[in-house]
Amino acid sequence: TGNYSYYTEAEELIANIKMTESALIFGSGYLTSIGVIPALVGRNDLIIADKLIHACAIDASMLSRAKLKRFSHNSLDDCENLLKKHRHNYSKCILITETIFSMDGDRADIAGLLTLAEKYDCFLISDDAHGLGIIKQKFPHSRHVQMGTLSKAAGVYGGYVAADKELIELFINKSRSLIYSTSLPYPILAALIASLTIIKNSNIGQLALKNAQLFCKLLKLPKPESQIVNYIISDEKKQLTQKDKFLQHQIIVAAIRPPTVPKNKARKR
């Protein structure tokens, strides 16, 4: 129960923004990941994922019981080498990446990965948590499954997956985190429809990207690929001290520390 009309309206908006046949809303981004990935692959299948994918995708891969292999960050060559070596030993295979990587702000080569997905008979799953509302470039493709959270640019709550209609029907019937979770409250979906309408009809996300680029220019930092800017300071105590100083000036800067990032890679984001 709980699939009221606002769900349909919000899902149609997501599908329209992502240029896919259909979309499906979950209770959160984490629930999306652990519902979608195990629905696509199982014990006799293969997952080949970027080394920097989000924790939710790692957990989902473990839940699926598929064999997990990791390729060097953003390396199409390493990804293809793993496909050449292992793909023929497994029934099904999915590739996993992020559109914009949450901790570094760099972008995946989605077009290149889709070429590999076609060549080696795989599906590509891209976590678009930080790309929705920011990146206008779309990659509609029958082998492309796009998922993400609705708590970033959309500013509300929930998660989504966008793909061909047949795949969405599969997720409705096989994703345990959808079937056995409570539906989102009606006001959340109403707010989501409002924010998705803004994302669809405006360029507000591109303003965030331009601001990030201006910020880096003023601080003489490398030009960012996305709205995410990070500055590595390995001293974790210094990170926290500086975070507090920023707060005194009403500026919120996240101090990201291990285990979220590797040791000696603490950063401001």
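In the block above lies the structure referred to throughout.
Position numbers for residues start from 1 in each chain and track the written sequence from start to end. Where local features are concerned, this predicted model is filtered to residues with pLDDT of at least 70; where side-chain atom pairs are given and counted, the filter is 80 or more; whole-chain, interface and lining totals use all residues. Only hydrogens and water are set aside when side-chain values are computed; all heavy atoms of the structure are taken into account.

(A) How the structure looks around the packing of helix H2 (residues 29-40) against helix H6 (residues 165-174). Their axes nearest at 9 Å, the elements H2 and H6 cross at an angle of 105°. Looking at the two axes, H2 sits roughly perpendicular to H6. Residues Val-36, Ala-39 and Leu-40 of H2 touch H6, and the partners they reach there are Leu-167, Leu-170, Phe-171 and Lys-174. For this classification, Asp, Glu, Lys and Arg are treated as charged, while Ala, Val, Leu, Ile, Met, Phe, Trp, Tyr, Cys and Pro are nonpolar and the rest, including Gly, are polar. Among the residues making up the contact of H2 with H6, the classes are represented as six nonpolar, no polar and one charged. Working convention: axes come from line fits to C-alpha atoms, limited for helices to the stretch in contact. Angles between N-to-C directions cover 0 to 180 degrees. Per the convention used, a helix needs a DSSP run of H or I reaching at least four residues, while a strand needs a run of E reaching at least two, with both numbered from the N terminus. We call two directions roughly parallel when the angle between them is under 35 degrees, roughly antiparallel when it is over 145, roughly perpendicular when it lies between 65 and 115, and oblique otherwise. Two residues form a contact once any of their heavy atoms are found within 4.5 Å.

(B) The arrangement of the packing of helix H4 (residues 76-86) against helix H5 (residues 110-119) in detail. Orientation of H4 relative to H5, taken along the N-to-C sense of each, is 15°, at an axis distance of 11 Å. As the angle between them shows, H4 and H5 are arranged roughly parallel. Here the hand of the crossing between H4 and H5 comes out right-handed. Here Leu-76, Cys-79, Glu-80 and Leu-83 of H4 come into contact with H5, specifically with Gly-112, Leu-113, Leu-116 and Lys-119. Looking at side-chain class alone, the contact of H4 with H5 contains five nonpolar, one polar and two charged residues. With the far helix as reference, a near helix turned anticlockwise by less than a right angle produces a left-handed crossing, and one turned clockwise produces a right-handed crossing.

(C) Spotlight on H5. Within the span of H5, buried status applies to Ile-110, Gly-112, Leu-113, Leu-114, Leu-116 and Ala-117. Lining the buried residues of H5 we find strand E3 (67-71), H4, strand E4 (93-98), strand E5 (123-127) and strand E6 (144-149). Once H5 ends, the next one or two residues include Asp-121, with phi positive near 55°. To sort residues, take the accessible area from a 1.4 Å probe on protein chains only and compare it with the maximum for the residue type: under 20% means buried, over 50% means exposed, and anything in between is partly exposed.

(D) Representation of the sheet that holds strand E8 (residues 231-232). Taken in spatial order, the three strands of this open sheet run E8-E10-E9, and their pairing is antiparallel. At either end of the open sheet lies a strand with only one pairing partner, and these are E8 and strand E9 (255-256). Direction of pairing for E8 relative to strand E10 (residues 267-268): antiparallel, over a ladder of two bridges. Residue pairing across strands places Tyr-231 opposite Lys-268, the latter belonging to E10. We call two strands paired when DSSP finds no fewer than two bridges between them.

(E) Local environment of the sheet that holds strand E7 (residues 159-163). Taken in spatial order, the seven strands line up as E1-E7-E6-E5-E4-E2-E3 in an open sheet, and their pairing is mixed. Unpaired on one side and paired on the other, strand E1 (22-26) and E3 mark the two borders of the sheet. Within this sheet the neighbouring strands show an average axis-to-axis angle of 20°, counted without direction. Of the pairings in the sheet, the one linking E5 to E6 comprises four bridges and is parallel in character. By the bridge assignment, Ile-125 is partnered in E6 with Val-145.

(F) Examining empty space enclosed by the protein more closely. Both cavities and pockets are sets of points on a 1 Å grid over the protein atoms alone; in a cavity a 1.4 Å probe fits but cannot get out, in a pocket the set is open with protein on both sides within 12 Å along at least five of seven lines, and lining residues sit with an atom within 4 Å of a point. Grid points are joined across faces, edges and corners, and a volume is the space filled by probe spheres set on the points. This model, assessed by the stated rule, comprises one cavity of 30 Å³ or more. Estimates place the volume of the largest cavity at around 30 Å³. Asp-50, Phe-71, Asn-74, Ser-75, Leu-76, Thr-97, Ala-108, Asp-109 and Leu-113 together form the lining of the largest cavity. For the lining of the largest cavity, the residue count by class is four nonpolar, three polar and two charged.

(G) Summary view of the layout of surface pockets. Counted as a void, the largest pocket has a volume near 630 Å³. Taken together, 33 residues line the largest pocket, and the ones lying closest to its centre are Ile-53, His-54, Ala-55, Glu-98 and Ser-102. Elements that contribute at least two residues to the lining of the largest pocket include exactly H2, helix H3 (55-64) and E6. Broken down by element, the lining of the largest pocket gets its largest block of residues, four residues, from H2. Per-class residue counts for the lining of the largest pocket are 14 nonpolar, 11 polar and eight charged. Quantified by volume, the second largest pocket comes out at close to 430 Å³. Forming the boundary of the second largest pocket are 23 residues, of which Asn-3, Tyr-7, Leu-24, Ile-25 and Leu-178 lie nearest the centre. When residues of the lining of the second largest pocket are traced back to their parent elements, those giving at least two are helix H1 (5-18), E1, H6 and helix H7 (176-179). A total of five residues in the lining of the second largest pocket trace back to one element, the largest contributor, which is E1.

Take it as geometry only, folks, not as evidence of what the structure does.
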